[in-house]
Amino acid sequence: MNILLIEDEKRIRDFVCCGFREQGFVVDCCDNGDEGFQKARSREYSAIVLDIMLPGRDGLSILGSLRKLGINTPVILLTARNELGDRIEGLNLGADDYLAKPFFVEELIARIHALQRRVTGDRQNNIVSGNFRLDRIHREVYWCEQSVGLTGREFNLIEYLMRSPGRVFTRTQIMSHVWGYDFAPNTNVVDVCIKRIRKKISLVNDDESPIESIRGVGYRFKKCDMNP
Ligand code: CA
């Protein structure tokens, strides 16, 4: 999951960023409204966490403009405790949720997960495809019911592919979701990571890997017939 965090207060930005990274999220941080808006409109994120009072464009103006442009990325607003007016305006402008400051980062993470489930209609904690099972709560992957032992990054990559079996993802798409937009492009980190995952899978069981390479395009998770 890759999240855009637009928050000017360094202390909050740092603890949220840190909590997100521990959770395995990829975070793109931004401390002013103008840059935040540019990123939000030009890049694809799983969710945006948006402060209201910002230098440059304020959060409500960013939200309103995004929705006018037809960009429906889920947005969680960070609001001051007593600003009922901001919360109402935010929800009317198309915010998906809000959290009043001060807050626990665990609650923010739980709300992001809840939003994702709402957006994707996906309420499963386990994604199963053929011999493959991904346990999102414990962040474990099983191949033929044996743990594959993936790193956080490897887990994020396979989760990203597995959420849309059969869909082909380009290296750039995978890179932005799993490494973030600031990661140097034109590197072969995606291929290297896929290679490592395949190797780990084959160590557990020598069946054919469910990750397919699509020549000249990228990768996809093989669509398995769930009721053979
Ligand atoms: Ca602020």
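Preceding this section is the structure that the text describes.
Overview of the structure. All residue numbers refer to positions counted from 1 along the written sequence of the respective chain. Owing to the predicted nature of the model, reporting of local features is limited to residues with pLDDT of at least 70; listing and counting of side-chain atom pairs is limited to 80 or more, with chain, interface and lining totals taken over all residues. Side-chain descriptors were evaluated using all non-hydrogen atoms of the structure, hydrogens and water having been removed beforehand.

Thoughts on unusual backbone geometry
Negative phi characterises most residues that are not glycine, and trans characterises most peptide bonds.
Turning to step 1, where the next piece is worked out: Cis peptide bonds are those with omega within 30 degrees of zero, and the linkage from Lys101 to Pro102 qualifies with -5 degrees.
Turning to step 2, where the next piece is worked out: Position of Pro102 among the secondary structure elements: in the loop between strand S5 (97–100) and helix H5 (105–120).
Turning to step 3, where the next piece is worked out: Positive phi, normally seen in glycine, also occurs at Cys144, with a value near 55 degrees.
Turning to step 4, where the next piece is worked out: Mapped onto the secondary structure, Cys144 falls in the loop between strand S8 (140–143) and strand S9 (146–147).
Turning to step 5, where the next piece is worked out: Even without a glycine there, the phi angle at Glu145 is positive, about 65 degrees. Numbering of helices and strands runs from the N terminus, with a helix taken as a DSSP run of H or I at least four residues long and a strand as a DSSP run of E at least two residues long.

A few points about the nonpolar core
Turning to step 1, where the next piece is worked out: Remark: nonpolar core denotes a set of buried residues (Ala, Val, Leu, Ile, Met, Phe, Trp, Tyr, Cys) joined through side-chain atoms within 4.5 Å. Residue burial is assigned from relative accessible area. The probe radius is 1.4 Å, only protein chains are included, and a residue is buried under 20% of its type maximum, exposed over 50%, and partly exposed in between. Among the nonpolar cores identified, the biggest contains 27 residues, and Leu157, Ile158, Leu161 and Ile174 are the most heavily contacted of them.
Turning to step 2, where the next piece is worked out: Going through the elements one at a time, strand S7 (132–135), S8, helix H6 (152–162), helix H7 (171–178), helix H8 (189–204) and strand S12 (218–221) are the ones with two or more residues in this core.
Turning to step 3, where the next piece is worked out: The next biggest cluster of nonpolar side chains, apart from the first, holds 20 residues, and it includes Ile12, Phe25, Ala47 and Leu108.

A short note on the sheet that holds strand S6 (residues 126–129)
Turning to step 1, where the next piece is worked out: Pairing is antiparallel in the open sheet, where four strands are placed in the order S6-S7-S8-S9. Strands at the two margins of the open sheet, each flanked by one partner only, are S6 and S9.
Turning to step 2, where the next piece is worked out: Taken together, the four bridges between S7 and S8 define a ladder with antiparallel strand orientation. When the sheet's bridge partners are listed, Arg133 is paired in S8 with Tyr142. In this scheme, strands are said to pair when DSSP sees at least two bridges between them.

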